[in-house]
Amino acid sequence: VSSPASNESSRHWSKKAHERVRQFLMTRSLEAMQENLISGRTGKMTALGDSLSPLIIDGDTCIWHPIIPGISDTIEAGEVVFCLAPDFHRRILCCRLVLRTYTVTTKCGTKKAAYIIGNAKQGESKTVVTGVCFREHIYGILVKTTPRGT
């Protein structure tokens, strides 16, 4: 017979383990998508979360087209991209909305495309800026979404 305290501890451990497994699988799925897009292949994945709602809703199927330099490399404000985005002190693979595009001049004097990216703020008409992304960190562009269950 187990005590209520050990049952609670077991549930807590199980919840933590489940979250770690979910996080691992999500990371692996995002890495596989990155590999597909870098290889020039179209990618398909199921959206997780509502940070881009109403553009993309949790459970939607998303089709991504690779960004190929010199062929399909135009990225404009309002488009949703699959990218390596800044997240506090690291970068994460994720989907972000391009809020604005501009050109920066590097220390070497070359011009480089830069993109202010963010999330759509749930339930509000505002967006949340999450950082700046450069072209070399953008792997694909959203071309189609299909709602869950269709």
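Residues numbered from 1 in each chain as written. Predicted model: local features only at pLDDT ≥ 70, side-chain atom pairs only at ≥ 80, totals over all residues. Heavy atoms only, no water.

Student: Account for the overall build of the chain, naming residues and giving values.
Tutor: Assigned secondary structure in the chain consists of one helix and seven strands. Ordered by position from N to C terminus, the α and β elements of the chain give α-β-β-β-β-β-β-β. Here the chain, with 150 residues, has 31% of them falling under the buried criterion. A fraction of 46% describes how many contacts in the chain between residues 6 or more apart in sequence connect residues 24 or more apart. Carbon and sulfur atoms provide 56% of the accessible area of the chain, an area that totals close to 9800 Å². (Helix = DSSP H or I, 4+ residues; strand = E, 2+ residues; numbered from the N terminus. Buried < 20%, exposed > 50% of the residue type's maximum accessible area, 1.4 Å probe, protein only. Contact = heavy atoms within 4.5 Å. Areas by Shrake-Rupley, 256 points an atom, 1.4 Å probe, with all protein chains shown as cover.)

Student: Help me get a handle on the layout of surface pockets, residues and values and all.
Tutor: Size it by volume and the largest pocket reaches roughly 670 Å³. Secondary structure elements with two or more residues in the lining of the largest pocket: α1 (4–38), β1 (43–46) and β4 (90–105). The class makeup of the residues in the lining of the largest pocket is 11 nonpolar, six polar and six charged. (1 Å grid on protein atoms, 1.4 Å probe; cavity = no way out; pocket = protein on both sides within 12 Å on 5 of 7 lines; lining within 4 Å. Points joined across faces, edges and corners; volume = space filled by probe spheres on them. Nonpolar A, V, L, I, M, F, W, Y, C, P; charged D, E, K, R; others polar.)

Student: Any details on a nonpolar patch on the surface? Residues and values, ideally.
Tutor: On the surface, V21, F24 and L25 cluster together to form a nonpolar patch covering roughly 320 Å² of accessible area. Inspection of the secondary structure puts L25 in helix α1. (Patch = residues over 30% accessible without salt bridge, like charges linked within 9 Å, V, L, I, M, F, W, Y side chains within 5 Å. Salt bridge = Lys/Arg side-chain N within 4 Å of Asp/Glu carboxyl O.)

Student: Kindly report on the sheet that holds β4, identifying the contributing residues and their values.
Tutor: Adjacent strands of a sheet pair through backbone hydrogen bonds, lying either parallel or antiparallel. With antiparallel pairing, the seven strands of this open sheet are ordered in space as β1-β2-β7-β3-β4-β5-β6. In this open sheet, the two strands that pair with only one neighbour each are β1 and β6 (127–134). Between one strand and the next, the sheet's axes are offset by a mean angle of 45°, whatever the strand orientation. Bridge analysis of strand β2 (residues 61–66) against strand β7 (residues 138–146) gives six bridges, and the strand direction is antiparallel. Looking across to β7, one finds that H65 is bridged to I141. (Pairing = 2+ DSSP bridges. Axes fitted to C-alpha atoms, helices over the stretch in contact; angles between N-to-C directions.)

Student: Can you break down the side chain of D60 residue by residue, with the values?
Tutor: Looking at the secondary structure, you find D60 in the loop between β1 and β2. This buried residue, D60, is left without a salt bridge; R148 holds the nearest opposite charge, at 6.3 Å. D60 has contacts with M45, T46, A47, T146, P147 and R148, leaving out every residue within four places of it along the chain. (Lys, Arg positive; Asp, Glu negative; His and termini not counted.)

Student: Can you lay out the pairing of strand β3 (residues 80–87) for me, pointing to particular residues and giving the numbers?
Tutor: A large share of β3 lies buried, amounting to seven of its eight residues. Relative to β4, β3 is paired through eight bridges, and the arrangement is antiparallel. Looking at β4, one finds that P86 is bridged to R91. In this structure, β3 lies alongside β7, joined through three bridges in antiparallel fashion. The residue of β7 that forms the bridge with C83 is I138.

Student: An account of unusual backbone geometry is requested, with residue identities and associated values reported.
Tutor: Cis peptide bonds are those with omega within 30 degrees of zero, and the linkage from S53 to P54 qualifies with 10°. Assignment of secondary structure puts P54 in the loop between β1 and β2.

Don't take any of this as a statement about function, it's just geometry.
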